[in-house]
Each structure stands twice: as C-alpha cells, then as structure tokens.
Amino acid sequence: MQFSCGIRGVRVDTGFMTRHEISPEELNLLMATQPNSFTLLDVRTEKEFAHGHLQGSINLPIAELDLRTDELSRDLPVIVVCHAGVRSAYALEILKEKGFKEFRHLPGGLMRLESIG
C-alpha cells in the first residue's frame, strides 16, 4: 500500500500500517530530507528525553500534553514518538481531541527505530 504522509514529495510503501502510523524508514527519510516540514514530538518523560532523543524533537511528556498542545504548531504535521509506541498512540487521541488534523506516530517507538539501525 502506498501512503502519503501529507508532507510534500514523500510516498513510501508502508505495508500494513494505518493512516496514522509512520514506518521507521519513512521517519528516517523525512528527518534526512525534509526536517523542517513536520514537528517531531517526543512524549516520553523529561528524564527519558534527557538520556537521548532524536535530533530536532521537542519534548512534551504525555502527562502534560493535554495542557500544552498550544506549544505545537498547527501549520505542520506532527509526528509523535515515545519509547515503545504506546504513549505516542495515546498522544494521537489527545491531538485529535484538540483539533489537530495531521498527525502520525511510530509504532514500536524508538526501540523499533533503533532496531533497524
């Protein structure tokens, strides 16, 4: 299945992914080729974020996200990451409730991204 993430020129084969998911390969491609075309949101705790995070990501812990969505641009798609993909999936529900239109998350989280290199 081909999927366009709403970011200009990016179309990749996502296999069985849903429309609100992004593959590690697609995320790596976006980070390398269009790093300013989306907001990379890390919803892990501040402590987890301090131990390492993706370049260009911003940290809004999931426990605070509901009250801090005004810190996110609504002009760019939001790609959400966490450690294993659970918190990022929950973050999508918060973003949807807050009226965001373009958002995706990385199933399997940063663990999955690290596993592919």
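Above: the structure in question.
Predicted model only: the values in this text are computed from it and were never measured. (Residues numbered from 1 in each chain as written. Predicted model: local features only at pLDDT ≥ 70, side-chain atom pairs only at ≥ 80, totals over all residues. Heavy atoms only, no water.)

(A) Representation of the environment of Glu97. Note on placement: Glu97 falls in helix α4 (residues 86–97). Once the C-alpha coordinates of Glu97 and Asp66 are considered, the two residues, 31 residues apart in sequence, prove to be 9.2 Å apart. (Helix = DSSP H or I, 4+ residues; strand = E, 2+ residues; numbered from the N terminus.)

(B) Up close: the pairing of strand β5 (residues 78–81). Across the two faces of β5 the burial is the same, with Val78 and Val80 and Ile79 and Val81 all buried. Across 4 bridges, the pairing between strand β3 (residues 39–42) and β5 is parallel. Bridge assignment links Thr39 to a residue of β5, and that residue is Val78. Inspection of the sheet shows β5 paired to strand β6 (residues 103–105) by 3 bridges, in the parallel sense. (Buried < 20%, exposed > 50% of the residue type's maximum accessible area, 1.4 Å probe, protein only. Pairing = 2+ DSSP bridges.)

(C) Quick peek at the sheet that holds β6. Taken in spatial order, the 4 strands of this open sheet run β4-β3-β5-β6, and their pairing is parallel. Strands at the two margins of the open sheet, each flanked by one partner only, are β4 (58–59) and β6. Here α4 sits on the sheet and contacts β5 and β6; the angle it forms with β6, its principal contact strand, is near 170°. (Contact = heavy atoms within 4.5 Å. Axes fitted to C-alpha atoms, helices over the stretch in contact; angles between N-to-C directions.)

(D) Layout of α4. For α4, with 12 residues, the first-to-last C-alpha span of 18 Å sits near the 16 Å given by 1.5 Å per residue. Within α4 the residues assigned to the buried category are Ser88, Ala91, Leu92, Ile94 and Leu95. Buried residues of α4, viewed axially, fall in a sector of 165°; they line one side. Exposed residues lying more than 90 degrees from the buried face of α4 are Val86, Tyr90, Lys96 and Glu97. Looking at the buried residues of α4, the elements they touch are α3 (62–68), β5 and β6. Phi turns positive one or two residues past the end of α4, at Gly99, with a value near 90°. (Expected span 1.5 Å × (residues − 1). Arc of directions from axis to C-beta.)

(E) Spatial organisation of the packing of aromatic side chains. Tallying each qualifying case throughout the model produces 0 aromatic pairs. Lying over the aromatic face of Phe100, Arg74 brings its terminal NZ or CZ to 4.1 Å of the ring centre. (Phe/Tyr/Trp six-rings, centres within 6.5 Å; stacked < 30°, edge-to-face > 60°. Lys NZ or Arg CZ within 6 Å of the ring centre and 35° of its normal.)

(F) Structural detail: helix α1 (residues 24–33). Where α1 is concerned, the buried positions are Pro24, Glu26, Leu27 and Leu30. All buried residues of α1 fall inside an arc of 165° around its axis, so they share one side.

(G) The side chain of Arg104, seen in detail. For Arg104, the position within the fold is in strand β6. Within the structure, the side chain of Arg104 is placed 2.4 Å from the backbone oxygen of Glu21, a separation counted as a polar contact. In terms of polar contacts, Arg104 uses its side chain to reach the side chain of Glu26, at 2.9 Å. (Polar contact = N/O pair within 3.5 Å; in protein donor to acceptor, adjacent residues only side chain to side chain.)

(H) Structural view of the pattern of salt bridges. Taken as a whole and assessed by the stated rule, the structure comprises 6 salt bridges. The salt bridge partner of Glu48 is Arg87, with a shortest N-O separation of 2.8 Å. Note that Glu48 is positioned in helix α2 (residues 46–50) and Arg87 in helix α4, a separation of 39 residues in sequence. Lys98 serves as the salt-bridge partner of Asp66, at 3.5 Å between the closest nitrogen and oxygen. Placement of the pair is Asp66 in helix α3 and Lys98 in the loop between α4 and β6, with a sequence separation of 32 residues. Residue classification places Asp66 among the partly exposed positions, given a relative accessible area of 37%. (Salt bridge = Lys/Arg side-chain N within 4 Å of Asp/Glu carboxyl O.)

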